[in-house]
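# Fold and contact review
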Amino acid sequence: MLQTLTDTKEYLAGSCLVLHDISWETYEQLLEIFAERPTPRMTYYNGTLELMVPLPEHERYSWTLGRLIAALSEELGLEIIGLKSSTWRSQPKKAGKEADECFYIQNEAVMRGKLKIDLKTDPPPDLAVEMDLTSSSINKMAVYAELKVPEVWIWKKGKLIINILNDTSYVECETSLAFASFSVKELAQFMHLDSEKGENARIREFREWVRSHLN
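Our subject in this report is the structure included herewith. (Residues numbered from 1 in each chain as written. Predicted model: local features only at pLDDT ≥ 70, side-chain atom pairs only at ≥ 80, totals over all residues. Heavy atoms only, no water.)

## Regarding the pattern of salt bridges
As a reminder, the rule being used: In the sections that follow, a salt bridge refers to a side-chain nitrogen of Lys or Arg positioned within 4 Å of a carboxyl oxygen of Asp or Glu. Only DSSP runs of H or I with at least four residues qualify as helices, and only runs of E with at least two residues qualify as strands; both kinds are numbered from the N terminus onward. We call a residue buried when its accessible area falls under 20% of the maximum for its residue type, exposed when it is over 50%, and partly exposed in between, using a 1.4 Å probe and counting protein chains only.
Here the structure, examined in full by the defined rule, presents 17 salt bridges. Of the charged contacts, one joins glutamate 101 and lysine 84 as a salt bridge, the two residues approaching to 3.1 Å between their closest N and O atoms. Residue glutamate 101 is found in strand β7 (residues 101–104), and its partner lysine 84 is found in the loop between β4 (81–82) and β5 (87–90); the two are separated by 17 residues along the sequence. A residue is classified by how much of its surface remains accessible, and glutamate 101, at 5% relative accessible area, is buried.

Below, the structure is given as C-alpha cells:
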C-alpha cells in the first residue's frame, strides 16, 4: 500500500481515498512520507484512514476565514498563533486530524515560541476550523473530541457553525470561547466571494466593520 501511494505524483482535486484496518504505525509512516507535501490531507480514527485532496473552493474559503480570524484577533487586541493544517494526533485515542485552520488563542502565551508540540504534555489548539464542502467517511467531530479541541468552527452552506466541546461531544453555540465578547457568526457576511472586490479590500472592510461594532 505504501508503495502504491508514494508512486502517485499527482492527485485530483476533490478526490478521496478511504482505507480500513490501517495500523497506527502505517498512519505515522504515511504522515512522514507526505510531510513536505500539501496533499493529501489525512484523517485517522480507530483504524480507518481517509486521504482527501481539497478542492480550490475549499482552500479559498479556508484561507479567507483564517485571515478574518487573524484580523479579528488584532482588532480585539488578542495574541494568536496560527498553525494552518498542522497534524494533531493521539495514539492512545487512535485519532489524528489535519485541521483546515487551527489557532492557539487562550493558550497563546503558554505555546509562544514553541515549534514542537506534543499533545501528551501540551494543550490542543484552542480553535480549529473545518470547511464542510464535501462528504467525509469519518466523523471528524468525533476525532476532534478525542483530541480535546475545545472549539471547532464549521463553514457549511454559507453559514458559520460554532461547536463547543462539552465533556465528550460538541454542542452548537451562538458564542465563541475564543472570542466571547464578539458575535463571530456575523463573520459569515465577509466569507462570500465578490467578483467586484479584492481580498485585501474585503479584509479592510471587515476591520472597519469590527471597529464600528466595538465603538
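## Remarks on empty space enclosed by the protein
Space left empty within the atom packing is revealed by a probe, the size of a water molecule, rolled over the atoms. Our working rule: Think of a 1 Å grid over just the protein atoms. A cavity is a set of points where a 1.4 Å probe fits yet cannot get out, a pocket is an open set with protein on both sides within 12 Å along at least five of seven lines, and lining residues have an atom within 4 Å of a point. Grid points are joined across faces, edges and corners, and a volume is the space filled by probe spheres set on the points. Each residue gets one label: Ala, Val, Leu, Ile, Met, Phe, Trp, Tyr, Cys and Pro are nonpolar, Asp, Glu, Lys and Arg are charged, and the others, such as Gly, are polar.
Tallied over the entire structure, the rule returns 2 cavities of 30 Å³ or more. The space that makes up the largest cavity amounts to roughly 160 Å³. Along the walls of the largest cavity sit 14 residues, with Arg41, Met52, His58, Asp100 and Lys140 positioned nearest its centre. Looking at the lining of the largest cavity, the elements that each hand over two or more residues are β2 (41–45), β3 (48–52), β6 (95–98) and β8 (127–131). Residue contributions to the lining of the largest cavity peak at 3 residues, all from β2. Among the residues forming the lining of the largest cavity, the class breakdown is 4 nonpolar, 3 polar and 7 charged.

## Re the nonpolar core
Convention followed: What is meant by a nonpolar core is a set of buried Ala, Val, Leu, Ile, Met, Phe, Trp, Tyr and Cys residues, joined one to another through side-chain atoms within 4.5 Å.
Leu65, Trp153, Phe179, Leu187 and Phe206 are the most contacted members of the largest nonpolar core, which totals 28 residues. Elements supplying a minimum of two residues to this core: α3 (56–75), β8, β9 (151–156), β10 (159–166) and α6 (199–214). Top contributing element to this core by residue count: α3, with 6 residues. Of all hydrophobic cores here, the second largest spans 19 residues; its members include Trp88, Cys102, Ile138 and Ala145.

## Let's talk about the sheet that holds β2
Heads up, the condition is: Two strands qualify as a pair provided that DSSP identifies no fewer than 2 bridges between them. Interaxial angles span 0 to 180 degrees and are taken between N-to-C directions of axes, which are lines fitted to C-alpha atoms, for helices over the stretch in contact. Pairs of residues are marked as contacts when any of their non-hydrogen atoms sit within 4.5 Å.
Taking strand neighbours across the sheet as the criterion, the 5 strands line up as β1-β3-β2-β6-β5 in an open arrangement whose pairing is antiparallel. Of all the strands in the sheet, just β1 (16–19) and β5 have a single pairing partner and so form its edges. Here the average twist between neighbouring strands, direction ignored, is 15°. Two elements, β5 and β6, share 4 bridges in a ladder whose sense is antiparallel. Directly across from serine 90, in β6, lies its bridge partner alanine 95. Strand contacts of helix α2 (residues 24–33): β2, β3, β5 and β6, with the helix running at about 160° to β5, the strand carrying the most contacts.

## Quick notes on the packing of α3 against α6
Heads up, the rule is: Helix crossings are classified by the rotation of the near helix relative to the far one: an anticlockwise turn of less than a right angle makes the crossing left-handed, while a clockwise turn makes it right-handed.
The contact between α3 and α6 brings their axes to 10 Å, and the two run at 40°. Note on packing geometry: the crossing formed by α3 with α6 is right-handed. Each of Arg60, Trp63, Thr64, Arg67, Leu68, Ala71, Leu72, Glu74 and Glu75 in α3 lies in contact with α6, whose residues at this interface are Glu199, Asn200, Arg202, Ile203, Phe206, Arg207, Val210, Arg211 and Leu214. Looking at the contact of α3 with α6, its residues break down into 8 nonpolar, 2 polar and 8 charged.

## Thoughts on the sheet that holds β7
Overall, mixed pairing links the 6 strands, which are arranged β4-β7-β8-β9-β10-β11 in an open sheet. The strands lining the two open edges of the sheet, one partner per strand, are β4 and β11 (169–173). Alignment of β8 against β9, held across 4 bridges, turns out to be parallel. Considered in β9, the bridge of valine 129 is made with tryptophan 153. In this fold α3 packs onto β7, β8, β9 and β10, with an angle of close to 150° to the strand it touches most, β8.

## Re the pairing of β5
Residues Trp88 and Ser90 of β5 are buried on one face, while the alternating residues Thr87 and Arg89, pointing to the opposite face, are not. Adjacent in sequence and paired antiparallel, β5 and β6 are bridged by 4 residues, among which lysine 94 carries a positive phi angle near 55°.

## Some details on the layout of surface pockets
By volume, the largest pocket amounts to about 730 Å³. Around the largest pocket sit 28 residues that line it, and Leu31, Ser86, Thr87, Trp88 and Arg89 are the ones nearest its centre. Of all elements in the fold, only α2, β2 and β5 reach the threshold of two or more residues within the lining of the largest pocket. In this structure, the second largest pocket spans a volume of roughly 230 Å³. Forming the walls of the second largest pocket are 13 residues, and the residues nearest its centre are Asp132, Ser136, Lys140, Met141 and Ile154. Going through the elements one at a time, β8, α5 (140–146) and β9 are the ones with two or more residues in the lining of the second largest pocket. Here the residues of the lining of the second largest pocket sort into 5 nonpolar, 4 polar and 4 charged.

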